[in-house]
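So you can see what is in the structure, the chains are spelled out below.
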Amino acid sequence: MKKMNFIGACWCMSVLAACQQNELLTNGDVEDLALDLQASVFQGNVMSRTVTQENGTSDFREGDAVGFFMPDEESQIRWTLESGEWKSGQAVNWKDKVNEYTFCAYYPYSESAASRSSIPMPDLSAQTGNLADIGAFDFLVARTTTSYGAKSGVVSFTGETAFRHVYALVSVTVKKDLEKESVALDEMTFEGTGLFSSHVYKFGEEAAQDGMQAADEPEKSRLVLSYEEPVAVESAGYTAVVLLNPVELEESLRFTMGYRRDGISYTASTTAMGDTFEGGKFYKYTLKLTKEGLKLVGNTISGWDSQTLPEISVEENPAEQ
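Before going into details, it helps to say that this report is about the structure given with it. Along each chain, residues carry numbers from 1 onward, in the same order as the chain's sequence is written. pLDDT decides what is reported in this predicted model: residues at 70 or higher carry local features, side-chain atom pairs at 80 or more are listed and counted, and totals for whole chains, interfaces and linings draw on all residues regardless. Note that water and hydrogens are dropped before the side-chain values are worked out from all heavy atoms of the structure.

A few words on the side chain of Asp-96. What counts as a helix is a DSSP run of H or I of at least four residues, what counts as a strand is a run of E of at least two, and both are numbered from the N terminus. Locating Asp-96 in the fold gives a position in the loop between strand S4 (85–88) and strand S5 (100–107). Remark: exposure states derive from per-residue accessible area (1.4 Å probe, protein chains only) relative to the maximum for the residue type, with buried under 20%, exposed over 50%, and partly exposed in between. In this tally, Lys and Arg are treated as positive and Asp and Glu as negative; His is ignored, and so are the chain termini. What makes a salt bridge here is a side-chain nitrogen of Lys or Arg within 4 Å of a carboxyl oxygen of Asp or Glu, nothing more. No salt bridge forms around the buried Asp-96; measuring N to O, its nearest opposite-charge neighbour Lys-95 is 7.9 Å away. The term polar contact refers here to a pair of N or O atoms within 3.5 Å; inside protein, the definition further demands a hydrogen-donor-capable atom paired with an acceptor-capable atom, and it admits residues adjacent in sequence only when both atoms are side-chain atoms. At a separation of 2.8 Å, a polar atom in the side chain of Asp-96 contacts the main-chain amide nitrogen of Val-98. A polar side-chain atom of Asp-96 sits 2.8 Å from the main-chain amide nitrogen of Asn-99.

Okay, here's the thing in structure tokens:
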């Protein structure tokens, strides 16, 4: 899946699958019980998907897939976008036309998902900071309880039951104060307890039991974005985008950057970027380099639930030679 806009994105899936479980049907015509699927990503008042593009548009790409769980089933069914249509990996049908059933789904599909109670989530410690790569690390989930008759055989993950982002989205934009200055970035570092640790996702028997569970791996609390060649900061600035585990830190997130201004190396850091990062929310920071120091200004963006951030002054220090 290609990642394109901070707003997140919108998708609709309509899939017709053959029915084979005749013993479960209350009706002799199995075709009447075929299961259709429809879905979108919840973004407040904006329906969008995880693909992000700077102009706000988004779409699924050929080959994208989601994992889908039938009611009371531990194993998943893969739904894949093929030739413009969503197709299931196996025959799927409703059990009957009368009762309500609960369905769960997640994105992106993982072949190694052992069961609905242990779905591997992307490795956030491997992020590059590039907007175009965010789609490879995003993770969304959905749950709905419905009956065949509610939407004429459609399992609909839309509206309040649409797919939701599990991670928090953070962007940091660095801008220079004077147009004629030469500013180049060497690295950026995000640090906070457990921000990038590995997790699995669990769908419980009830929605209240759904959630992330720490994987049996070492804690990962630091992400360093290093650039082989210094990255020039142009007039529009330079932006790094990362996903964080939703957390409440005991201490604020620490952000550090190494850069060069007019050939002289500097470091700057701040611990005033907040200590709470909620899943599905977008935190946007703008750093402005001035001779007096580094100023951090917060603002908002539509799409993901966004946070208004305070203005923060940060001390700038020459790097040790």
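Time to look at the nonpolar core. Core analysis: the biggest nonpolar cluster contains 54 residues, and Leu-185, Met-188 and Phe-277 have the highest contact counts within it. Per element, the largest residue contribution to this core is six residues, and it comes from strand S15 (residues 238–244). Working rule for contacts: check all heavy atoms of both residues, and any pair within 4.5 Å makes them a contact. Setting aside its immediate chain neighbours within four residues, Met-188 contacts Val-174, Leu-223, Val-224, Leu-225, Tyr-227, Tyr-238, Ala-240, Phe-255, Thr-256 and Met-257. Counting 19 residues, the second-largest nonpolar core is a separate cluster that includes Phe-103, Leu-140, Tyr-148 and Phe-163. What is meant by a nonpolar core is a set of buried Ala, Val, Leu, Ile, Met, Phe, Trp, Tyr and Cys residues, joined one to another through side-chain atoms within 4.5 Å.

The subject of this paragraph is the packing of aromatic side chains. Each Phe, Tyr or Trp ring, with Trp reduced to its six-membered ring, pairs with another whose centre is within 6.5 Å; inter-plane angles below 30 degrees give stacked pairs, above 60 give edge-to-face pairs, and intermediate values give tilted ones. Going through the model one piece at a time under the given rule, you end up with 15 aromatic pairs. Centroid distance Trp-94 to Tyr-148: 5.9 Å. Interplanar angle 85°. Geometry classified as edge-to-face. One end of the pair, Trp-94, is in the loop between S4 and S5; the other, Tyr-148, is in the loop between strand S7 (140–147) and strand S8 (154–157), with 54 residues separating them in the sequence. By relative accessible area, which is 1% here, Trp-94 ends up buried. With relative accessibility at 15%, the residue Tyr-148 sits in the buried group. Here the aromatic residues Phe-68, Trp-79, Trp-94, Phe-103, Tyr-148, Phe-157 and Phe-163 are joined through ring pairs into a cluster of three or more.

We now examine unusual backbone geometry. Put simply, Tyr-107 and Pro-108 share a cis peptide bond, and its omega is 0°. Within the secondary structure, Pro-108 sits in the loop between S5 and strand S6 (119–120). Backbone geometry places Asp-72, a non-glycine residue, at a positive phi of 65°. Checked against the element boundaries, Asp-72 lands in the loop between strand S2 (65–69) and strand S3 (77–82). Judged by its relative accessible area of 71%, Asp-72 is exposed. Of note in the backbone geometry, Asp-262 takes a positive phi value of approximately 50° without being a glycine. Position of Asp-262 among the secondary structure elements: in the loop between strand S17 (254–261) and strand S18 (264–270).

Counting through the fold element by element, Tyr-106 comes out in strand S5. Distance in space between the C-alpha atoms of Tyr-106 and Phe-139 is 7.3 Å, their sequence separation being 33 residues. Sequence-distant contacts of Tyr-106, defined by excluding residues within four places in its chain, comprise Val-66, Gly-67, Phe-69, Gln-76, Ala-113, Ile-119, Phe-139, Leu-140, Val-141, Phe-163 and Phe-203. Only 3.0 Å separates the side chain of Tyr-106 from the backbone nitrogen of Ser-110, close enough to count as a polar contact.

Attention now goes to the pairing of strand S20 (residues 281–289). Of all nine residues in S20, eight are buried; the element is thus mostly enclosed. Strands are treated as partners if at least two bridges between them are detected by DSSP. Direction of pairing for strand S10 (residues 168–176) relative to S20: parallel, over a ladder of eight bridges. Following the sheet pairing, Val-170 is matched in S20 by Tyr-283.

Scanning the entire structure with this criterion turns up nine salt bridges. Between Lys-220 and Asp-123 there is a salt bridge, with the nearest N and O atoms lying 3.3 Å from each other. With Lys-220 in the loop between strand S13 (211–214) and strand S14 (222–232) and Asp-123 in the loop between S6 and S7, the pair connects residues that are 97 residues apart, well separated along the chain. According to the relative accessible area criterion, Asp-123 is partly exposed, its value standing at 33%. Between Lys-281 and Glu-278 there is a salt bridge, with its nearest N and O atoms 3.3 Å apart. Residue Lys-281 is classed as buried on the basis of its relative accessible area of 18%.

By themselves these figures say nothing about function.
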